[in-house]
Amino acid sequence: MPPFFNEWLNLLFRWIHVIAAIMWIGDSFLFMWMDSSLKAPEKPREGAVAGELWMVHSGGFYEVVKRKFLAPHEMPRVLHWFKWQAYTTWITGFFLLGIAYYMGGGIYLMDRVNGVGFGGAVAISLGLLVAGWLIYDALWSSPLARRPVLAATISCALVIATTYGLTRLYSGRAAFIQVGAILGTIMAANVWRRIIPAQTQMLAATRAGTPVDVSLGARAKLRSTHNHYMTLPVLFTMLSNHYPSTFGHPLNWLILTLIMLVGVAIKHAMNFGTRSNRWLMLAGATALIGAVTLTAHPSRQPAGVAIAAGGATVTFVEVQEILASRCTTCHSTHPTNPSFPAAPSGIILEDPKRIHALAPRILERAVSTRTMPLGNLTGMTDEERATLGAWIAQGAKVEGTGQDRP
């Protein structure tokens, strides 16, 4: 597929995906907030009223009344459903996964040679989307669901194990996205297979004038709450490819686990306040400190930095040769890599002054996190990374410009 067409597909699906996600997650935030803010009715109300809420917005006043179920005579003429936001988010996200990570030979998918191969990696990725939902649904449909702490502990352990395994199979950025895709699939399937069907059955009973099974609403609410707590972890995975210090770290699985815990803690605080569960708040704060500390102090020292002090001075000519052979296939005015019609992120590594200005980024991506070149398609060696690291540590002198980087 021509790179131009691929880029526009990516742009359009990503745009729709973000819009739909804003609507879906915004609904989740709003309804969870309303549930936690409901008060007992100030005056007697007819029907199974669970609470009421007054709001002001956009120059008007809104009265919200929540009912556990409806009586036949209470059926409104128009009932608004909240489902297509979820479906659209998942459908566009699925296509984005294919466009960004399956097409183009998996340039973003894998960064190491393993026995699985590209076809196997794609098959595992697709299989995990299905398996993730089936395992989750089986767990929370089993008797274990009556012991929510145990079921939640098992669920978290499975997520952590999956995260660890994926970071061993895929590139860091692809592993993070895959974890988000699994969680997003669970969220969308909850809406499709559990929440909407439960509400449909309750409405069918109302229309038929038969007793409404309120346990259906309780089970739907449980799945909706699960979705709610997964939103911030999934949002982080969507944004994570911009932060190589997280996905490029040797302990990237642990960093993602910690950040997901931070997301759950933040969501709980938004719903119920910071004093509602102090142990969870403490765990979230500790996890955030741990993630920041890990990314600030990588467990492996950047190649070349340790040898810079006593090693021979690295010349800019050596650096330029490495960049020309390993990096400018993509990062040039006219990339030769067919996957990129233009230099990714507008980064061009041809002009000496530009290379000098980008020295910190080169250190981060090519030396410290080793997330560049993508998939190491050009075969940058450890010795070359060490040379780049030593040049930067020695001051990143750009010969012929009279500039040095301290």
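We now turn to the structure provided with this report. (Residues numbered from 1 in each chain as written. Predicted model: local features only at pLDDT ≥ 70, side-chain atom pairs only at ≥ 80, totals over all residues. Heavy atoms only, no water.)

Okay, the environment of I99 next. When you line up the elements, I99 lands in helix α2 (residues 84-102). By relative accessible area, which is 7% here, I99 ends up buried. Placed 86 residues apart in sequence, I99 and F13 show a C-alpha to C-alpha distance of 9.2 Å. (Helix = DSSP H or I, 4+ residues; strand = E, 2+ residues; numbered from the N terminus. Buried < 20%, exposed > 50% of the residue type's maximum accessible area, 1.4 Å probe, protein only.)

Turning next to the packing of aromatic side chains. A full pass over the atoms with the stated rule returns nine aromatic pairs. For the pair W84 and Y87, a centre-to-centre distance of 5.3 Å together with 90 degrees between the ring planes defines the contact as edge-to-face. Placement of both W84 and Y87 in helix α2 is noted, with a separation of three residues, approximately one turn of the helix. The class for Y87 is buried, based on a relative accessible area of 14%. Between Y164 and W253, the ring centres sit 5.4 Å apart and the planes meet at 85 degrees, which makes this aromatic pair edge-to-face. Here the residue Y164 occupies a position in helix α4 (residues 148-169), and W253 occupies one in helix α8 (residues 252-272), the gap between them amounting to 89 residues. On the accessibility criterion, W253 (22% relative accessible area) is partly exposed. (Phe/Tyr/Trp six-rings, centres within 6.5 Å; stacked < 30°, edge-to-face > 60°.)

Grouped together as the largest cluster of nonpolar side chains are 54 residues, with contacts concentrated most on L97, Y101, L109, Y170 and V191. Elements represented by at least two residues in this core include exactly α2, α3 (117-141), α4, α5 (172-208), α6 (214-239), α8 and α9 (278-296). A per-element tally of this core places α5 first, with 18 residues. Residue contacts for Y101: discarding those within four places in its chain leaves L96, G106, Y108, L109, F118, R173, A174 and I177. (Core = buried A, V, L, I, M, F, W, Y, C linked by side-chain atoms within 4.5 Å. Contact = heavy atoms within 4.5 Å.)

With that settled, the discussion passes to the packing of α6 against α8. Between two packed helices, what matters for the description is the angle formed by their axes and the separation of those axes. Packing of α6 against α8 leaves a shortest axis separation of 8 Å and a crossing angle of 135 degrees. Of the possible angle classes, the one that applies to α6 and α8 is oblique. Our pair here, α6 against α8, has a crossing hand that is right-handed. Side by side, α6 and α8 meet where H228, Y229, T231, L232, P233, F236 and T237 of the first sit next to L256, I259, M260, G263, V264, I266, K267, H268, N271 and F272 of the second. Residue classes in the contact of α6 with α8 are distributed as ten nonpolar, six polar and one charged. (Axes fitted to C-alpha atoms, helices over the stretch in contact; angles between N-to-C directions. Parallel < 35°, antiparallel > 145°, perpendicular 65-115°, else oblique. Left-handed = near helix turned anticlockwise from the far one by under 90°. Nonpolar A, V, L, I, M, F, W, Y, C, P; charged D, E, K, R; others polar.)

A word on the pattern of salt bridges. It is possible for side chains bearing opposite charge to pair when their charged atoms get close. This model, assessed by the stated rule, comprises nine salt bridges. Put simply, R223 and D137 hold a salt bridge, and the shortest N to O gap is 3.0 Å. One end of the pair, R223, is in helix α6; the other, D137, is in helix α3, and 86 residues separate them in sequence. As far as burial versus exposure is concerned, R223 and D137 are alike and both buried. When salt bridges that share partners are traced, they join D35, K66 and K221 into one network. (Salt bridge = Lys/Arg side-chain N within 4 Å of Asp/Glu carboxyl O.)

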